[in-house]
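Residues per chain are reported as follows:
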Amino acid sequence: MFKIIKKVLLYIFLIFLALELLVRVFHLQNERPNRYADDKGVEKWVPNQEEYSVTGNRRQNVGKYHINNFGFNSVHENYSPKKDATEIAIIGDSFIEGFHEDYTNSLGQQVERNLVNTTVLEFGYAGYDFADELHLIDAYDDLFDKIDYSFIFIRFTDDLERGNYEISSRLSLDTPISKAVKQIKLLVYLKDIGALDPLLQLPGKIINFVSRTKLKNEKTDEELKKEALVKERLRFKNFKTLLEKYPIDKNKFVFLLDSSLCSDEFLNYLKNNSYKYLDLNSILSDSVKPSTLIYDQHWSKSGRKLIAELIVNYSKKHFID
């Protein structure tokens, strides 16, 4: 019996080793850069990292990233605005960060290549919400004062869940234990493709079963509508609260948003209070090619190209002579 168990364990180890080698040889795993919070309390990537981001379960998207000296994915090492040139900042989460494509062809670079004497500075970081973005702008106000114009990306349904800024729990993803686990590339790959989801979700399912809490899909349509309305109002309130704490120059800042995700109350508030915004839905909804990836909601190459063109056209009309 002991010999059988010993052989089974040996075979399991050999299979695991073979799969680990397979993942490494074909580079199936996603290599994420390390995170940190700087001395201003701004969360970003540890500078001077370079690797490949792999998404999709069959290397459906591979993009090379380059974290510059400031802690963001960009071809520009230093963010030093010049008086004799125009600088545009694009601020946002993973949509703006652009790990789905090589950093040399990022959204910012596509915009920059189509504007004369203009540098586009990218401030994209996976997980940023509106509180993170405004805190970044406030913490580096001396830099943003020198930048001529800035676009702030907001997803109304995701980025307005809180009305104040505090360091997020994302930094816990880079603890010594998690870094050690990331060295097992097979586990990284399995997690990325969702193979470990049933196991990771098991504790929550057990808690729900024991407490017999009412599941979301058991709620009536009327209850779901009321919940959605409460969430919309809370997001709108958080938006106003954050702007009261971190006011922005309405002549220099433009919101990038998808109007189809926003409440009418929110959009009317922007218009009535002279906040400028660029509606991504105006071009994405009419796109012939898929504007998002087939496996998640991030923009596809076609989608990023359309958005870059939208920003370029807007900049030429309002900012660039």
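Just so it is clear, the structure is predicted and the values come from calculations on it, not from any experiment.

How each quantity is defined
Residues numbered from 1 in each chain as written. Predicted model: local features only at pLDDT ≥ 70, side-chain atom pairs only at ≥ 80, totals over all residues. Heavy atoms only, no water. Buried < 20%, exposed > 50% of the residue type's maximum accessible area, 1.4 Å probe, protein only. Helix = DSSP H or I, 4+ residues; strand = E, 2+ residues; numbered from the N terminus. Pairing = 2+ DSSP bridges. Polar contact = N/O pair within 3.5 Å; in protein donor to acceptor, adjacent residues only side chain to side chain. Salt bridge = Lys/Arg side-chain N within 4 Å of Asp/Glu carboxyl O. Axes fitted to C-alpha atoms, helices over the stretch in contact; angles between N-to-C directions. Contact = heavy atoms within 4.5 Å. Phe/Tyr/Trp six-rings, centres within 6.5 Å; stacked < 30°, edge-to-face > 60°. Patch = residues over 30% accessible without salt bridge, like charges linked within 9 Å, V, L, I, M, F, W, Y side chains within 5 Å. Areas by Shrake-Rupley, 256 points an atom, 1.4 Å probe, with all protein chains shown as cover.

**Structural notes on the pairing of strand 8 (residues 253-257)**
Here is step 1 of the chain: Across the five residues of strand 8, five count as buried, placing the element largely inside the fold.
Here is step 2 of the chain: The alternating pattern of strand 8 places Phe253, Phe255 and Leu257 on one face and Val254 and Leu256 on the opposite face, and all of these are buried.
Here is step 3 of the chain: The sheet contact formed by strand 7 (residues 149-154) and strand 8 spans five bridges and is parallel. Each residue of the ladder has a partner; that of Ser150, found in strand 8, is Phe253.
Here is step 4 of the chain: Pairing of strand 8 with strand 9 (residues 276-279) involves four bridges; the strand directions are parallel.

**Some details on the pairing of strand 7**
Here is step 1 of the chain: Within strand 7, five of the six residues are buried, which leaves the element mostly enclosed by the surrounding structure.
Here is step 2 of the chain: Where strand 5 (residues 86-92) lies against strand 7, four bridges are found, and the strand directions are parallel. Paired with Ile91 across the bridge in strand 7 is Ile152.

**Overview of the environment of Asn69**
Here is step 1 of the chain: Positionally, Asn69 belongs in the loop between strand 4 (61-67) and strand 5.
Here is step 2 of the chain: By relative accessible area, Asn69 is classed as partly exposed at 38%.
Here is step 3 of the chain: In sequence terms Asn69 and Pro47 are 22 residues apart; their C-alpha atoms lie 4.9 Å from each other.
Here is step 4 of the chain: A polar side-chain atom of Asn69 sits 3.1 Å from a polar atom in the side chain of Asn78.

**Let's talk about the pattern of salt bridges**
Oppositely charged side chains can form a pair if their charged atoms are brought close together.
Here is step 1 of the chain: Per the counting criterion, the structure on display carries seven salt bridges.
Here is step 2 of the chain: A salt bridge links Asp129 to Arg162; the nearest nitrogen and oxygen atoms lie 2.7 Å apart. Placement of the pair is Asp129 in the loop between strand 6 (118-124) and helix 4 (130-139) and Arg162 in the loop between strand 7 and helix 6 (176-182), with a sequence separation of 33 residues.
Here is step 3 of the chain: Among the residues examined, Arg162 registers a relative accessible area of 18% and is labelled buried.
Here is step 4 of the chain: The partner of Arg162 in a salt bridge is Asp132, and the shortest N-O contact between them spans 3.1 Å. Within this pair, whereas Arg162 is found in the loop between strand 7 and helix 6, its partner Asp132 is found in helix 4, the two being separated by 30 residues in sequence.
Here is step 5 of the chain: Each of Asp129, Asp132 and Arg162 takes part in salt bridges that share partners, so that together they form one network.

**Regarding the sheet that holds strand 5**
Picture the strands of a sheet paired through backbone hydrogen bonds; they go either parallel or antiparallel.
Here is step 1 of the chain: The sheet built from five strands is open, its strands ordered 6-5-7-8-9 with parallel pairing. If you trace the sheet from one side to the other, it starts and ends with strand 6 and strand 9, each paired once. The sheet shows a mean angle of 25° between the axes of neighbouring strands, taken without regard to direction.
Here is step 2 of the chain: Across seven bridges, the pairing between strand 5 and strand 6 is parallel. Directly across from Ile90, in strand 6, lies its bridge partner Glu122.
Here is step 3 of the chain: Relative to the sheet, helix 4 contacts strand 5, strand 6, strand 7 and strand 8, its axis offset from that of strand 7 by approximately 160°.
Here is step 4 of the chain: In the packing of helix 10 (residues 264-272) onto the sheet, contacts are made with strand 8 and strand 9, and the angle to strand 8 comes to roughly 160°.

**A word on the packing of aromatic side chains**
Here is step 1 of the chain: Scanning the model with the defined rule gives 29 aromatic pairs in all.
Here is step 2 of the chain: The interplanar angle of 65° and the centroid separation of 6.5 Å between the aromatic rings of Phe72 and Tyr128 together place this pair among those described as edge-to-face. Here Phe72 is found in the loop between strand 4 and strand 5, whereas its partner Tyr128 is found in the loop between strand 6 and helix 4, with 56 residues between them in sequence.
Here is step 3 of the chain: Since its relative accessible area comes to 2%, Tyr128 is described here as buried.
Here is step 4 of the chain: Taken together, a centroid distance of 6.4 Å and an interplanar angle of 90° make the contact between Phe239 and Tyr269 edge-to-face. Taken together, the positions of Phe239 in helix 9 (residues 221-245) and Tyr269 in helix 10 put the pair 30 residues apart, joining distant regions of the chain.
Here is step 5 of the chain: On the basis of relative accessibility, which here comes to 0%, the residue Phe239 falls in the buried class.

**Notes on a nonpolar patch on the surface**
Here is step 1 of the chain: On the surface, Met1, Ile4, Ile5, Val8, Leu9 and Ile12 cluster together into a nonpolar patch covering about 630 Å² of accessible area.
Here is step 2 of the chain: Here Ile12 lies in helix 1 (residues 2-25).
Here is step 3 of the chain: Under the relative-accessibility criterion, Ile12 is labelled exposed at 51%.

**So, the side chain of Arg35**
Here is step 1 of the chain: By the secondary structure assignment, Arg35 is in strand 1 (residues 35-37).
Here is step 2 of the chain: A distance of 3.0 Å separates a polar atom in the side chain of Arg35 from a polar atom in the side chain of Tyr125.

The values are spatial; any link to function lies outside them.
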